[in-house]
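# What the coordinates show
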Protein chains: 2
Amino acid sequence: MTRGNLFQWPEGPAGGERFDALVTRPGLRIERILSTGQASAEGFWYDQRDDEFVLLLAGAATLRLEGAAEALHLAPGDWVHLPAGCRHRVEWTSTAPPALWLAVHHAP
Amino acid sequence: MTRGNLFQWPEGPAGGERFDALVTRPGLRIERILSTGQASAEGFWYDQRDDEFVLLLAGAATLRLEGAAEALHLAPGDWVHLPAGCRHRVEWTSTAPPALWLAVHHAP
């Protein structure tokens, strides 16, 4: 059994964007992500081989899916399930409070 | 792409304990659970074939693992990863606010 708290960082939050793997198995990775204003580089699109369930726990963020007319403005509690190959980018994340995510990457 | 908000119930929260599957795939089930004071029946132990990552998002709960001297008192943000076959029971959940969970059941 392993455990933790998503809102705690024993050593204090780092300055940059931060990824902590909580569970890693073949075909599955559950991770906590803390974004403090980071966004995808201009023209960059995530294009992942795994499906991703991503949940915003705190802060705010804007996600854009390729070809979508509207960006997705995410508030705490909002989740999105992105199938593998669904190209997307993070257009904006909040800084105060920072954007805290839980992501579940899983084989399709 | 599918999406939702964990804190919203279009039709309002039901009275009893409630389970909503958000993502269902072979070997994976991501679900939202709302407990409003429910606990495992006396002498009942969950004994699951899948691993379970469970995260408490709101409210409070007490979890007991078989053979553990101390119960686990969970607050928002607390997560536990229970391997398959790790017998456990929910001893108590809060009512105001109710206990809101995100559970990821996955094949070991």
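The rules behind the values
Residues numbered from 1 in each chain as written. Chains lettered and ligands numbered in written order. Predicted model: local features only at pLDDT ≥ 70, side-chain atom pairs only at ≥ 80, totals over all residues. Heavy atoms only, no water. Phe/Tyr/Trp six-rings, centres within 6.5 Å; stacked < 30°, edge-to-face > 60°. Lys NZ or Arg CZ within 6 Å of the ring centre and 35° of its normal. Least-squares fit on C-alpha atoms with pLDDT ≥ 70 in both. Contact = heavy atoms within 4.5 Å. Helix = DSSP H or I, 4+ residues; strand = E, 2+ residues; numbered from the N terminus. Buried < 20%, exposed > 50% of the residue type's maximum accessible area, 1.4 Å probe, protein only. Polar contact = N/O pair within 3.5 Å; in protein donor to acceptor, adjacent residues only side chain to side chain. Buried area = accessible area lost by both parts, 1.4 Å probe. Salt bridge = Lys/Arg side-chain N within 4 Å of Asp/Glu carboxyl O. Nonpolar A, V, L, I, M, F, W, Y, C, P; charged D, E, K, R; others polar.

In this structure the tally under the stated criterion is 4 aromatic pairs over all chains. A cation over a ring is seen here: A:R89 above A:W45, with NZ or CZ 5.9 Å from the ring centre.

Before going further, it helps to examine the relation of the copies chain B and chain A. With an axial shift of 0.0 Å and an RMSD of 0.0 Å, the rotation relating chain B to chain A amounts to 180°. Accordingly, the operation relating the two chain copies is best matched by a two-fold axis. Most of the interface of chain B is mirrored in chain A, where 100% of its interface residues again form contacts.

Before going further, it helps to examine the environment of B:N5. In this structure, B:N5 sits in strand 1 (residues 2-5). On the basis of relative accessibility, which here comes to 12%, the residue B:N5 falls in the buried class. As for B:N5 and B:H81, which are separated by 76 residues in sequence, their C-alpha atoms are 23 Å apart. Not counting residues within four places of it along the chain, the set of residues in contact with B:N5 comprises A:A75, A:P76, A:G77, A:D78, A:W79 and B:R32. Of the polar contacts made by the side chain of B:N5, one reaches the side chain of A:D78; its length is 2.8 Å. A polar contact is formed between the side chain of B:N5 and the backbone nitrogen of B:F7, at a distance of 2.7 Å.

A few words now on the interface of chain B and chain A. The interface is formed by 31 residues belonging to chain B together with 31 residues belonging to chain A. Taking both partners together, chain B and chain A bury about 2,700 Å²; carbon and sulfur atoms supply 68% of that area. For the pair chain B and chain A, the interface holds 2 salt bridges. With its nearest N and O atoms 3.9 Å apart, the salt bridge here joins A:R25 to B:D51. Taken together, the connections running from chain B to chain A amount to 10 residue pairs in polar contact (both at pLDDT 80 or more). Elements supplying a minimum of two residues to the side of chain B that touches chain A: strand 1, strand 2 (18-25), strand 3 (28-35), strand 4 (51-58), strand 6 (72-74), strand 7 (78-82) and strand 9 (99-106) of chain B. Looking at side-chain class alone, the side of chain B that touches chain A contains 21 nonpolar, 6 polar and 4 charged residues.

All we've got here are geometric facts, nothing functional implied.
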